[in-house]
Number of protein chains: 2
Amino acid sequence: MQLSNTSQYAIRTLTYMATHKEVQMNATQLSRVLDIPYKFLTKIMTDLVKVDLVESIRGREGGYLLKKQSREIALRDILTVFHDGIEQEQCILGIGVCSSLCKCALHDQWVAPKQQIQQMFEQTTLADIAGQGCKI
Amino acid sequence: MQLSNTSQYAIRTLTYMATHKEVQMNATQLSRVLDIPYKFLTKIMTDLVKVDLVESIRGREGGYLLKKQSREIALRDILTVFHDGIEQEQCILGIGVCSSLCKCALHDQWVAPKQQIQQMFEQTTLADIAGQGCKI
DNA sequence: TATTAATTCTACCTTTCAGTAGTAATTAGT
DNA sequence: ACTAATTACTACTGAAAGGTAGAATTAATA
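A. Examining the protein's contact with DNA strand D more closely. Near DNA strand D lie 28 residues; those nearest to it are A:Ala27, A:Ser56, B:Pro37, B:Lys39 and B:Lys43. Among atoms of DNA strand D positioned within 4 Å of the protein, sugar and phosphate together represent 62%. A distance of 3.1 Å separates a phosphate oxygen of DNA strand D from a polar side-chain atom of B:Thr6. For DNA strand D, a base oxygen lies 2.6 Å from a polar atom in the side chain of B:Lys39. Those elements that place two or more of their residues in the surface near DNA strand D are helix 3 (38–50), strand 1 (54–57) and strand 2 (63–66) of chain A together with helix 1 (5–19) and helix 3 (38–50) of chain B. No other element matches helix 3 of chain A, which puts six residues into the surface near DNA strand D. The class makeup of the residues in the surface near DNA strand D is eight nonpolar, 10 polar and 10 charged.

Below, the structure written as structure tokens:
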């Protein structure tokens, strides 16, 4: 019941980039500052480039840039790239899908917490969390 | 961001047993009714026996029984057996632990949803969900 | 006591996630 | 044109989760 390593790395990286919008970062710098394995980071960044959340500049003096305003990027946008987060109809007990017609035993208790998590991931943008906290 | 298969199976099995307290079930029956691989189910049940949530009766005419009243078994009790659920201080971004002294960028947004999930898993017992829903 | 139906134990296989290695492609600067 | 610095691609390795196989153990019943 937690985010995958990949999602955590992605959120941390984009958040860090959002707090330093002006400067263009490259993979080596990000890897060092955030203590994320270099090769793993570049793999993740490539995925983020493909879905147009990040722009990559190849070659010498290259690096990465956010492709949208940080307030335009919600955490949910990042999580869906890696099939993480919580899907609307996904049953918490893993029995197919839960709808109002047919639900699992735990469905009613799960509705409220699920809603709150989903809302949090949808409403929270990089702008909201950039620069917050004392850990990177 | 979801429960492990093991946790899901465990909750479903114990919930089913709670709704049929009178009768003693064996692994073959549970496996068929709940559509859980037999060998996997028995492995899970053995773990639940070890932590005293379930009583096993070995040999012919054997099977499994809940060892406590269903209202005495919270979902949290089951999840902790398989190291699932949400730990109190575990950082959602995976950067060590989050405390009031030093927290991650997402900490503040995460507090409320986390609290609600934890409460749900602590307060919901097998008695609450036994017989609910239309899926087993 | 022998049989049979059940749980338990040990070991293995398979799939997915996490992480690594090497090379190709791209581009700025000289 | 060449070099150095950078991202992208392909393929591999290691660890954990999910799942399977077979034999050992237990106990009721005939």
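B. Up close: the side chain of A:Arg12. Looking at the secondary structure, you find A:Arg12 in helix 1 (residues 5–19). We note that A:Arg12 is buried and unpaired, the nearest opposite charge coming from A:Asp35 at a distance of 6.5 Å. A:Arg12 has contacts with A:Leu34, A:Ile36, A:Ile136, B:Leu93 and B:Ile95, leaving out every residue within four places of it along the chain.

C. Fine view of the relation of the copies chain B and chain A. Mapping chain B onto chain A is achieved by rotating through 180 degrees and translating by 0.0 Å along the same axis, at an RMSD of 0.1 Å. As the rotation angle and translation indicate, the two copies are arranged about a two-fold axis. Ranked by how close their C-alpha atoms come to the rotation axis, the residues of chain B are headed by B:Met1, at 2.5 Å. Most of the interface of chain B is mirrored in chain A, where 100% of its interface residues again form contacts.

D. Representation of the packing of helix 1 of chain A against helix 2 (residues 27–34) of chain A. Residues and elements named next belong to chain A. Between helix 1 and helix 2, the least distance of the axes is 11 Å, while the angle of their chain directions is 110 degrees. In this view, helix 1 runs roughly perpendicular relative to helix 2, as classed from their interaxial angle. Taking contact as the criterion, the partners of Arg-12, Thr-13, Tyr-16 and Met-17 in helix 1 are, on helix 2, Leu-30, Val-33 and Leu-34. A class-by-class count of the residues in the contact of helix 1 with helix 2 yields five nonpolar, one polar and one charged.

E. Seen up close, the interface of chain B and chain A. On the chain A side, the residues contacting the 42 residues of chain B number 42 residues. When chain B packs against chain A, the two sides together hide about 3500 Å² of surface, and 67% of this comes from carbon and sulfur. Linking chain B to chain A there are zero salt bridges. Where chain B touches chain A, the interface holds 14 residue pairs in polar contact (both at pLDDT 80 or more). For the side of chain B that touches chain A, the elements supplying multiple residues, two or more each, are helix 1, helix 5 (107–123) and helix 6 (126–129) of chain B. Of the residues in the side of chain B that touches chain A, the class split is 25 nonpolar, 12 polar and five charged.

F. Representation of the state of the cysteines within the structure. Per the counting criterion, the structure on display carries two disulfides over all chains. Note on cysteine connectivity: A:Cys102 is disulfide-linked to B:Cys134, with sulfurs 1.9 Å apart. Residue A:Cys102 is located in the loop between helix 4 (75–81) and helix 5 (107–123), and its partner B:Cys134 is located in the segment after helix 6; the two belong to separate chains. Residue class for A:Cys102 comes out partly exposed when judged on its relative accessible area of 25%. You can see A:Cys91 has no disulfide; the closest cysteine sulfur is in A:Cys98, sitting 3.6 Å from it. On the basis of relative accessible area, A:Cys91 is assigned to the buried category, the value being 2%.

The rules behind the values
Residues numbered from 1 in each chain as written. Chains lettered and ligands numbered in written order. Predicted model: local features only at pLDDT ≥ 70, side-chain atom pairs only at ≥ 80, totals over all residues. Heavy atoms only, no water. Near = heavy atom within 4 Å. Polar contact = N/O pair within 3.5 Å; in protein donor to acceptor, adjacent residues only side chain to side chain. Helix = DSSP H or I, 4+ residues; strand = E, 2+ residues; numbered from the N terminus. Nonpolar A, V, L, I, M, F, W, Y, C, P; charged D, E, K, R; others polar. Buried < 20%, exposed > 50% of the residue type's maximum accessible area, 1.4 Å probe, protein only. Lys, Arg positive; Asp, Glu negative; His and termini not counted. Salt bridge = Lys/Arg side-chain N within 4 Å of Asp/Glu carboxyl O. Contact = heavy atoms within 4.5 Å. Least-squares fit on C-alpha atoms with pLDDT ≥ 70 in both. Axes fitted to C-alpha atoms, helices over the stretch in contact; angles between N-to-C directions. Parallel < 35°, antiparallel > 145°, perpendicular 65-115°, else oblique. Buried area = accessible area lost by both parts, 1.4 Å probe. Disulfide = S-S within 2.5 Å.

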